[in-house]
Amino acid sequence: GSLGAGFYLLPLIGLRLSLLAAALVALVPLPGLLIRARRERERAATLGPLLAGLTAAGLLFWGLAPGPVPGGEDMVTLFHTESTTSAVKVLEVLEEGEELPVRCLVVNGKAVATSVFIDRRLQLLLGFIPTLIHPHPERILSIALGTGMSSGALALSGGRVDVVELSEGVIEACRFFDPW
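These lines cover the structure that appears in this document, whether it is placed above or below. (Residues numbered from 1 in each chain as written. Predicted model: local features only at pLDDT ≥ 70, side-chain atom pairs only at ≥ 80, totals over all residues. Heavy atoms only, no water.)

## So, the side chain of Glu-98
- Locating Glu-98 in the fold gives a position in the loop between β2 (87–93) and β3 (102–107).
- Of the polar contacts made by the side chain of Glu-98, one reaches the backbone nitrogen of Phe-117; its length is 3.3 Å.
- In contact with Glu-98, not counting residues within four places along its chain, are Ser-115, Val-116, Phe-117 and Arg-120. (Helix = DSSP H or I, 4+ residues; strand = E, 2+ residues; numbered from the N terminus. Polar contact = N/O pair within 3.5 Å; in protein donor to acceptor, adjacent residues only side chain to side chain. Contact = heavy atoms within 4.5 Å.)

The structure is reproduced here in structure tokens:
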């Protein structure tokens, strides 16, 4: 089940439909258990998981899974992909004080980087600080691509920069941060 879901079902139909399929498969034995239950207490104990499973399947099916939507209605999804390693999104919102619309890289539901000025400054510093410690690096290894801003700052050192990124979705998503 784990291998089939992780390497076949998830890439084929995505996270939401995979969870829906798992919820529905978990419900299959429950009607039989209800029929076999002899006492009211056993029937009530079986009915709880049945109702919970049906509720979860319904919420997933109708796209009403609980949890806040970052940014609300003003937020636009520019990019979304799911794979066996991660779910990646790039969101965009207009924000006062910013020259361009603000973009946010979300990996597995967590905002990992944005194009807001203070975040850009941090991402660039993450690339510049190592080159201050070693002023003439020949080869640099950067682990995790993110928006690519830190790797871009590392590249200004003149050394060869190799970037290791496990998620193909992050590699695709970083192109949305090209203006920075």
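## Section: the layout of surface pockets
- Of the pockets and cavities examined, the second largest pocket occupies roughly 300 Å³.
- Taken together, 20 residues form the lining of the second largest pocket, with Val-112, Ala-113, Leu-145, Gly-146 and Thr-147 sitting closest to its centre.
- Elements with a minimum of two residues in the lining of the second largest pocket: β3, β4 (110–114), α4 (117–133), β5 (139–143) and α5 (149–155).
- Looking at which element gives the most residues to the lining of the second largest pocket, the answer is α4, with four residues.
- Across the lining of the second largest pocket, the residue classes break down as eleven nonpolar, seven polar and two charged. (1 Å grid on protein atoms, 1.4 Å probe; cavity = no way out; pocket = protein on both sides within 12 Å on 5 of 7 lines; lining within 4 Å. Points joined across faces, edges and corners; volume = space filled by probe spheres on them. Nonpolar A, V, L, I, M, F, W, Y, C, P; charged D, E, K, R; others polar.)

## A few points about the sheet that holds β4
- With respect to topology, four strands assemble into an open sheet ordered β1-β2-β3-β4, the strand pairing being antiparallel. Strands at the two margins of the open sheet, each flanked by one partner only, are β1 (76–82) and β4. Sheet twist, expressed as the average angle between the axes of neighbouring strands with direction ignored, equals 20 degrees.
- Pairing between β1 and β2: six bridges, direction antiparallel. In the strand pairing of β2, Phe-79 is matched with Val-90. (Pairing = 2+ DSSP bridges. Axes fitted to C-alpha atoms, helices over the stretch in contact; angles between N-to-C directions.)

So, to be careful, I would describe these as geometric facts and stop short of saying anything about function.
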